[in-house]
Amino acid sequence: SVLPLLVQNAQGRQWMFGEGLATKVDSLEACWESLVKALEELPEEERNVQLLRGFLAGTFERDRTAFNRFLDHAMERESLLKWLPALQVTAPLDARGCDRLLRAIADPATPAWPFQHLSLARATQSIEDRLLADILERLSLKPDGLEVAIGILYMHMHRDAVPADARLIDVA
């Protein structure tokens, strides 16, 4: 089976493959479950979530209800929880996505470093400053979270010419 190779930590075009896969499979649910299972069968240090990220991006375009269901599912899987920030930003953030991120931050098993994905590709541009402020405030309290929160804030402020909301300024 080629599936274990696609979820391994190796160079490749896993994102693009995953995105294409999501547009063509008959059952998004069955495919998602197979991808997650293949990932979980690998030792943690060999795992690569790029295929899942691409699959989620394609799923978002095809079926947003399934996209949200898969991310809700990720909150319940230990193998995916630490990758939630990377998985969540495969589509524009909304209030539901921010709620997931806040729940992931509250989980002591989720380290701060994966939240660096929020500083990439205008990930925070689509959310209200008050939601970002809540995320940054809580993230800054996690071990090693302050540096990550500052990086996210820097990129958010750097990319957005609109003046920041008072709540975001207070948190900064």
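Residues numbered from 1 in each chain as written. Predicted model: local features only at pLDDT ≥ 70, side-chain atom pairs only at ≥ 80, totals over all residues. Heavy atoms only, no water.

Asker: How should the overall build of the protein chain be read in this particular structure?
Answerer: Looking only at helices and strands, one finds 11 helices and 0 strands in the protein chain. Listing the helices and strands of the protein chain from first to last along the sequence gives α-α-α-α-α-α-α-α-α-α-α. Here the C-alpha radius of gyration of the protein chain, 16 Å, is about what a compact globule of 172 residues would show, namely 16 Å. Residue pairs in contact within the protein chain that sit at least 24 positions apart in sequence constitute 71% of those at least 6 positions apart. Accessible area of the protein chain: about 9100 Å², with a carbon and sulfur share of 53%. Distance between charge centres in the protein chain, computed from 19 positive and 26 negative side chains, equals 4 Å. (Helix = DSSP H or I, 4+ residues; strand = E, 2+ residues; numbered from the N terminus. Rg over C-alpha atoms; globule rule 2.2 N^0.38 Å. Contact = heavy atoms within 4.5 Å. Areas by Shrake-Rupley, 256 points an atom, 1.4 Å probe, with all protein chains shown as cover. Lys, Arg positive; Asp, Glu negative; His and termini not counted. Charge placed at Lys NZ, Arg CZ, Asp CG, Glu CD.)

Asker: Help me understand the environment of Phe60 in this model?
Answerer: In this structure, Phe60 sits in helix α4 (residues 50–62). On the accessibility criterion, Phe60 (12% relative accessible area) is buried. Residues Phe60 and Val7, spaced 53 residues apart in sequence, show a C-alpha to C-alpha distance of 20 Å. Once residues lying within four places of it in the same chain are set aside, the contact partners of Phe60 are Phe67, Ala91 and Pro92. (Buried < 20%, exposed > 50% of the residue type's maximum accessible area, 1.4 Å probe, protein only.)

Asker: Would you mind showing me how to read helix α8 (residues 95–106) here?
Answerer: Residues separated by three or four positions in an α-helix point in the same direction, a consequence of the helix having 3.6 residues per turn. Between its first and last C-alpha, α8 extends 17 Å over 12 residues, near the 16 Å set by a 1.5 Å rise per residue. When we look at burial in α8, the residues that qualify are Gly97, Cys98, Arg100, Leu101, Leu102, Ala104 and Ile105. With a side-chain oxygen lying 3.2 Å from the backbone nitrogen of Arg96, the N-terminal cap of α8 falls on Asp94. (Expected span 1.5 Å × (residues − 1). Polar contact = N/O pair within 3.5 Å; in protein donor to acceptor, adjacent residues only side chain to side chain.)

Purely geometric stuff here, so don't read any function into it on its own.
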